[in-house]
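Structure at a glance
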Amino acid sequence: MKRIRQAAIGVASLLMSYSASAQVEVSVSVDTTKPGPKIERAVYGQFAEHLGRGIYEGIWVGKDSSIPNVKGYRKDVVEALRKIKVPVIRWPGGCFADDYDWRDGIGPAAQRPERMNKFWGGVPETNAFGTHEFMDFTELIGADAYVAANMGSGTPREMARWLEYMTADGTSTLAKERRANGREKPWKVKYLGVGNESWGCGGEMRPEFAGDLSRQFGSYARLHGGSAFRVASGGSADDFNWTDVMMERAGKYFDAISLHYYTIPLDWGTKGQATGFPKEEWGITLRNAQALDGMLVRHEAIMDKHDPEKRVALSVDEWGTWYDQEPGSTPGFLYQQNSLRDAMVAALTLNIFHRHTERVKMANIAQMVNVLQAMILTDKERMLLTPTYHLFDLYVPFQGAIPFPAKVNSPRYIEGDVDIPMVDASAAKDANGKMWLSLVNLDPNKAVRITTDFTGKAKGRMLTAAKIDSHNTFDKPDTVKPVAYSGRTVGGKLVFDLPAKAIAVVEIN
Ligand code: AHR
């Protein structure tokens, strides 16, 4: 009997030592002697376009709606957005911006003209949400305004008058008109975009023409009482030539040029599904998200050639996942579900931005509500917070923090022809001197043990879920949400046990 018990103990300890050695070991070391330029809060910006149910229903329901609202804005959405400290909102587009006449969206709502939203479903645009509604919304949320001016079909004079309407004080006729429409004080337009995707929906221009036109528009983009941070319309993904020509022709008239990068699992024709996707598409999507890092390196090298002092910033003012829209949803509305995979893409992308703070001073996820990689989905009076929302919530401490290089010694995650590091990390110190660490295990099957060179205590929250496409629905809105999480000390060092497909953000004391 004794012998049997001893044998059983032997097998158990063998199994224990086997499972300990099978544990995937990763090390993360943070170089606190090398602080980088600040992670600008604006890197956590968002994008709200007149597209599908993004503005109407998603943000604006009107004062007479039975849906609880604050002066026409959905109360639940406003509260949720305030919680994640949205620093900046880009509006009114997107493609919509280059077909927008600002005069359509001012004055008594009943007298505003109805137009057709040509880019997004050809649906009626009532203009119920215009300049006043947007600028007041930014104030309600506590965000800065990033106004996208029409360069594709508008004139420099229209843009200049719009700016005067919003920002002039004194006796200007446009300032008086604004007051007559209900806004006494000028608003602050902190950021101004000049054109959007000028190579595509914003005018199908060649970079040489867009560069020259941007100079012209840029020189009329004057505000009353200071100047906006001016962003020229940049290229998409790996269009390095656009960056080169735009920098050469217009760089010195702007504070930033933009870059758009969407993470698409397959291709622009069949993009792939938001949920119910095959397991290979998990890895492909994350690999495609990580590809942004290398693209930024190349765009930045081109910018360095024209601007070695790094005066001109890069504004990644559209980024996020883009899937085939939800079956049964209105064509052209770009409504898609949002799963744990989207939170992973957001974590990897934000970590990339943390590594590129020398140039990346603003970024805007596409989009805020009900469109593409949304924070929030709504269905009449119901609302849900997506995994991407929870990720942004976890990452709030990184807004305005000072990043430090994190060296990750990680095995690879290999699936088909996907071969990427299994673990990603980011570390930064906030304004109160607290160190924050983000750890991402993107392997969907294997847990990891991450040993850091930090000492002390680590507490925070973690986001994970049972399946690679776990998501929240209106009936089950809490399937994916953060849980409490902490590290432990082993041999004097902080160690983190992270399950498969999980993201943790901890404060280190
Ligand atoms: O975000 C949706 C669309 O994607 C934007 O309107 C456009 O700029 C981009 O092509």
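One can find the structure itself at the top, above this paragraph.
A short tour of the structure in this document, coming up.

**Re the site of the ligand**
The full set close to the ligand counts 13 residues, and E49, C95, E197, Y262 and E318 are the nearest of them. For the ligand, an oxygen atom lies 2.7 Å from a polar atom in the side chain of E49. Between the ligand and the protein, one listed contact pairs an oxygen atom with a side-chain N or O atom of Y262 at 2.8 Å. Look at the ligand: alone it shows 280 Å² of surface, and the protein chains cover 94% of it. A breakdown of the residues in the shell around the ligand according to their chemical character gives 7 nonpolar, 3 polar and 3 charged.

**Structural notes on unusual backbone geometry**
The amide bond that connects W91 to the next residue, P92, takes the cis arrangement and shows omega of 5 degrees. Here P92 is to be found in the loop between β5 (88-91) and β6 (115-117). A cis geometry characterises the amide bond from A366 onward to Q367, with omega recorded as -5 degrees. Tracing the sequence through the fold places Q367 in the loop between β13 (360-366) and β14 (376-379). Phi is positive for E204, close to 50 degrees, though the residue is something other than glycine. Within the secondary structure, E204 sits in the loop between β9 (191-194) and α6 (207-220). Residue E204 is classed as exposed on the basis of its relative accessible area, which comes to 62%. For K501, which is not a glycine, the phi torsion comes out positive at approximately 40 degrees.

**Comments concerning the side chain of D293**
Along the chain, the position of D293 falls in helix α8 (residues 280-306). For D293, the contacting residues outside a window of four places in its chain are I352, R355 and H356.

**Notes on the sheet that holds strand β26 (residues 493-498)**
Strand order in the open sheet formed by 5 strands is β17-β1-β22-β26-β25, with mixed pairing between adjacent strands. The outermost strands of the open sheet, each flanked by one partner alone, are β17 (406-409) and β25 (488-490). Averaged over neighbouring strand pairs, the angle between their axes works out to 30 degrees when direction is ignored. Bridge count between β25 and β26: 3 bridges; the pairing is antiparallel. Bridge pairing links R488 to V495 in β26.

**Quick notes on the pattern of salt bridges**
Within this structure, the stated rule accounts for 38 salt bridges. In this structure, E280 engages K279 in a salt bridge whose closest nitrogen and oxygen atoms are separated by 3.7 Å. Between K310 and E358 there is a salt bridge whose closest N-O contact spans 3.6 Å. In this pair, K310 is assigned in the loop between α8 and β12 (313-321) and E358 in the loop between α9 (340-355) and β13, connecting sequence segments 48 residues apart. On the accessibility criterion, K310 (28% relative accessible area) is partly exposed.

**Some words on the packing of aromatic side chains**
Counting across every chain of the model gives 19 aromatic pairs. Both rings, one in Y262 and one in W322, keep their centres 4.8 Å apart while their planes meet at 75 degrees; by these two values the pair is edge-to-face. With a gap of 60 residues between them, Y262 in strand β11 (residues 256-263) and W322 in the loop between β12 and α9 connect regions that are remote in the sequence. Assessed through its relative accessible area of 13%, W322 is described here as buried. Taking 5.0 Å as the distance between ring centres and 80 degrees as the angle between the ring planes, the aromatic pair formed by W268 and W322 counts as edge-to-face. Linking W268 in the loop between β11 and α8 with W322 in the loop between β12 and α9, this pair joins segments that are 54 residues apart in sequence. Chaining the aromatic ring pairs together yields one cluster made of W60, Y73, W91, F96, Y100, F129, F134, F137 and W162. Taking NZ or CZ as reference, R53 lies 5.0 Å from the ring centre of Y335, over its face.

**Regarding the environment of G251**
Among the structural elements, G251 can be located in the loop between α7 (240-250) and β11. Along the chain, G251 and D307 lie 56 residues apart, while their C-alpha atoms are 8.1 Å from each other. Residue contacts for G251: discarding those within four places in its chain leaves M246, R311 and V312.

Calculation criteria
- Residues numbered from 1 in each chain as written.
- Predicted model: local features only at pLDDT ≥ 70, side-chain atom pairs only at ≥ 80, totals over all residues.
- Heavy atoms only, no water.
- Near = heavy atom within 4 Å.
- Polar contact = N/O pair within 3.5 Å; in protein donor to acceptor, adjacent residues only side chain to side chain.
- Areas by Shrake-Rupley, 256 points an atom, 1.4 Å probe, with all protein chains shown as cover.
- Nonpolar A, V, L, I, M, F, W, Y, C, P; charged D, E, K, R; others polar.
- Helix = DSSP H or I, 4+ residues; strand = E, 2+ residues; numbered from the N terminus.
- Buried < 20%, exposed > 50% of the residue type's maximum accessible area, 1.4 Å probe, protein only.
- Contact = heavy atoms within 4.5 Å.
- Pairing = 2+ DSSP bridges.
- Axes fitted to C-alpha atoms, helices over the stretch in contact; angles between N-to-C directions.
- Salt bridge = Lys/Arg side-chain N within 4 Å of Asp/Glu carboxyl O.
- Phe/Tyr/Trp six-rings, centres within 6.5 Å; stacked < 30°, edge-to-face > 60°.
- Lys NZ or Arg CZ within 6 Å of the ring centre and 35° of its normal.

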